[in-house]
Amino acid sequence: MVDFYDELTYETNPFPETHPGNLAALGRLFGIQTASPQQCRVLELGSATGGNLIPMAWHLPQSAFVGVELSAAQVEIGQRIVSTLALPNIRLEVGDILELDPARIGQFDYIIAHGVYSWVPPVVREKILRLVRDCLTPHGLAYISYNVLPGWRMRGSLRDLLLHATREVTGAAAKYNTAIAALERLQQALQAAEADSQRYVQKEITYLLAAHPSYLLHEYLAGENNAFLFSEFLADAGRHELQYVCETDLHTLFDTTLSQPAQTALADIEDPLQHEQWMDFVQMRAFRKSVLCRADLPLERAIDIDVFTAYFYSANLRLKGKENLNNTKPSTFLTSDNTELSVTHPLSKAALLHLQGVHPYTPDFEELYAHAVTKVREAGGNAFADARSELVSELFSLYSYRAVYAQVIPCLQRPEWPEHPQATALARLQAAQGWESVASIRHQALSLDNFSSRLLQELDGSRTVPELVSYLIAEVIAGNLPIPGGKQAQTSGKGLEKEISNNVKHLLNVFAQQGLIH
């Protein structure tokens, strides 16, 4: 299995749900005095090339990070990046989880195992839980993702197909090409399908055909790929003196995500964990991202909203249409992947507009509320301006869906760029390495095309914006750089200059909003 991973490096993006800032905020909602993200120790099991851990180390220089990965080839890639950035607070090492000694690696405030637990045999899963128990600090949190039954069974049908189609094929490239051909054949065969299960498979095929090759190979063709009932996972964690805290997708804890008949049918289940298990059955859930802590740590099962209003907030959303701050007619906001969110209360709309304008800066609740009140009153919405509880409720709902982010520490950086814009060394290096995305200051992946990647690499602080535009125009004319969006470029004239200038300024705004420029 090591050779397979060595042959095709896994695409390692930042996973915002694993960030210590996110985990710290979740834990405090349940009464856990989690460690500050600015001064903590983080362990990642299965750290690959460090794409998730390295950005954390860059942005949190006073914290310490350790990544353990079985593939020496992937660790070598990560170590080169760490060395180039001269990061003293991160260590990436080759290691077998089965051989890790808690006494040697020490204790950690946060432990991450993303994309590992379902893809290893039982003996390794047992060791992961044992390591979590032995290596967690008393108030520490562990994040473990895994495939869940019953929903995984439908995805599993595609794994059955791909294992069959590639059974006599060797080598990553050959397996991938054979798998793609099999998916395209099945996609064609299901064109007139009407059953819900067949439509589900069609949707999964569409996703796989567009996904990075590493996802298809390591997810669907891995030697191990196991799924469990949520209750089974809880039982295994319990045997190792661990207890469940929540999901990083917090909204899944609430039955308001179910239809009214489903809510009624489950209403008499008093045990919250048993209730969650039944929600998995109803929703056919296929994947979980669970947070655990030590079993001897007292938990507050009722979420403390007062704690939530003590956080700092951010949201990278775009308003679709015009502002509407004087009534409760729904407004639509778009996420970075163009998912639509409907927001009704004028205070909430105003708050999201403010967060959009100041991102990545994170106001606290009172600052956000005061700004929203002012905007709503200016728009003639006096009747809604004093509804503080309505803003808290809708803001928390958006947070539970990960549309709004809440942090326990503020980010004071504002979306501005100087006369000589300079990108962070981390962002420039990621772009230079040919990565398809870079990590933002909020630990989210920002996708790059050839033009934006090249611009990011050139932001070393030595040029003004007009100088950057002139340089990029020359590169486009010379045929060394495609024009943004794949458009056909003119070879000269003001049209090309305007096109490049507009795109450079737009991208600088995007980079600044993502905290990539300092």
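Only a predicted model underlies this, so the values are computations on that prediction, with no experimental measurement involved. (Residues numbered from 1 in each chain as written. Predicted model: local features only at pLDDT ≥ 70, side-chain atom pairs only at ≥ 80, totals over all residues. Heavy atoms only, no water.)

1. A word on the pairing of strand β7 (residues 242-247)
Within a regular strand, side chains alternate between the sheet's two faces. Definition in use: For every residue, the accessible area (1.4 Å probe, protein chains only) is compared with the maximum for its type, and the residue is labelled buried under 20%, exposed over 50%, or partly exposed between those bounds. The secondary structure listing takes helices from DSSP runs of H or I that are at least 4 residues long and strands from runs of E that are at least 2 residues long, numbered from the N terminus. In this analysis, strands are considered paired if DSSP registers two or more bridges between them.
Within β7, six of the six residues are buried, leaving the element largely enclosed by the surrounding structure. The sheet contact formed by β7 and strand β8 (residues 287-294) spans five bridges and is antiparallel. Residue pairing across strands places L242 opposite R294, the latter belonging to β8.

2. Description of the packing of helix α19 (residues 450-458) against helix α20 (residues 465-477)
Put simply, the test is: Lines fitted to C-alpha atoms define the axes, with helix axes restricted to the stretch in contact, and inter-axis angles between N-to-C directions lie between 0 and 180 degrees. The cut-offs work like this: below 35 degrees is roughly parallel, past 145 is roughly antiparallel, 65 to 115 is roughly perpendicular, and the gaps in between are oblique. In this scheme the crossing of two helices becomes right-handed for a clockwise turn of the near helix relative to the far one and left-handed for an anticlockwise turn of less than a right angle. Residue contacts are counted whenever heavy atoms from the two residues lie within 4.5 Å of one another. Only Asp, Glu, Lys and Arg are considered charged, only Ala, Val, Leu, Ile, Met, Phe, Trp, Tyr, Cys and Pro nonpolar, and every remaining residue, Gly among them, polar.
For the pair α19 and α20, interaxial distance at closest approach is 12 Å and the crossing angle is 135 degrees. The angle between α19 and α20 places the two elements in the oblique class. Between α19 and α20 lies a crossing of right-handed hand. Only L468, Y471, L472 and E475 of α20 make contact with α19, whose side of the interface consists of F451, R454, L455 and E458. Of the residues belonging to the contact of α19 with α20, the class tally is five nonpolar, no polar and three charged.

3. As for unusual backbone geometry
The residue after L149, namely P150, is reached through a cis peptide bond having omega 10 degrees. Considering the arrangement of structural elements, one finds P150 in the loop between β5 (136-148) and α7 (152-165). The step from H359 to P360 runs through a cis peptide bond, and the omega angle for that step is 15 degrees. Among the secondary structure elements, P360 is positioned in the loop between α15 (346-358) and α16 (365-378). Backbone geometry places M284, a non-glycine residue, at a positive phi of 55 degrees.

4. Overview of the UniProt feature "coiled-coil region" (unreviewed entry) in the protein chain
The cut-off we apply is this: UniProt positions are given in the numbering used here, feature names are shortened, and annotations may be inferred rather than shown by experiment.
Taken from the UniProt record, the annotation "coiled-coil region" (unreviewed entry) applies to residues 173-203. Secondary structure over residues 173-203 splits into 81% helix and 0% strand, and the C-alpha atoms at its two ends are 24 Å apart.

5. A closer look at the packing of helix α4 (residues 72-85) against helix α18 (residues 425-432)
For the pair α4 and α18, interaxial distance at closest approach is 11 Å and the crossing angle is 140 degrees. Our classification of the angle between α4 and α18 gives oblique. Viewed along their axes, α4 and α18 form a crossing whose handedness is right-handed. Together, I81, T84 and L85 of α4 and A425, L426 and L429 of α18 make up the contact between the two elements.

6. Points about the packing of aromatic side chains
Rules: Only Phe, Tyr and Trp rings are paired, with Trp represented by its six-membered ring, and only when their centres lie within 6.5 Å; those with planes under 30 degrees apart are stacked, over 60 edge-to-face, the remainder tilted. Here, over-ring charges are defined by two tests on the NZ atom of lysine or the CZ atom of arginine: distance to the ring centre within 6 Å, and angle to the ring normal within 35 degrees.
Taken as a whole and judged by the stated rule, the model has 17 aromatic pairs. Against the face of Y361 rests R414, its NZ or CZ located 3.9 Å from the ring centre.

7. A look at the sheet that holds strand β10 (residues 318-320)
Spatially, the three strands line up as an open sheet ordered β10-β11-β12, and their pairing is antiparallel. What marks the edges here is a single partner per strand, and that holds for β10 and β12 (340-343). Strand-to-strand twist in this sheet, taken as the mean axis angle between neighbours without regard to direction, amounts to 40 degrees. The pairing of strand β11 (residues 331-334) with β12 spans four bridges and is antiparallel. Its bridge partner being in β12, S331 is matched across the sheet by V343. On top of the sheet, α15 reaches β10, β11 and β12; it is set at about 25 degrees to β11, its chief contact.

8. Regarding the nonpolar core
Basically, it comes down to this: The definition of a nonpolar core used throughout is a set of buried Ala, Val, Leu, Ile, Met, Phe, Trp, Tyr and Cys residues joined through side-chain atoms within 4.5 Å.
With 103 residues, the main nonpolar core has I128 and Y313 as its most contacted residues. Broken down by element, this core gets its largest block of residues, seven residues, from β5. For I128, the contacting residues outside a window of four places in its chain are L45, I97, V116, Y117, V120 and I144. With 27 residues, the next largest nonpolar core counts A431, I483, V510 and F511 among its residues.

9. Some remarks on the pattern of salt bridges
Let me state the cut-off plainly: A side-chain nitrogen of Lys or Arg and a carboxyl oxygen of Asp or Glu constitute a salt bridge if their distance falls within 4 Å.
Overall, the coordinates contain 20 salt bridges when judged by the stated rule. Its salt-bridge partner being R155, residue E204 comes within 3.5 Å of it at the nearest N-O pair. One end of the pair, E204, is in helix α9 (residues 196-210); the other, R155, is in helix α7, and 49 residues separate them in sequence. Assigned by exposure class, E204 and R155 land together as buried.

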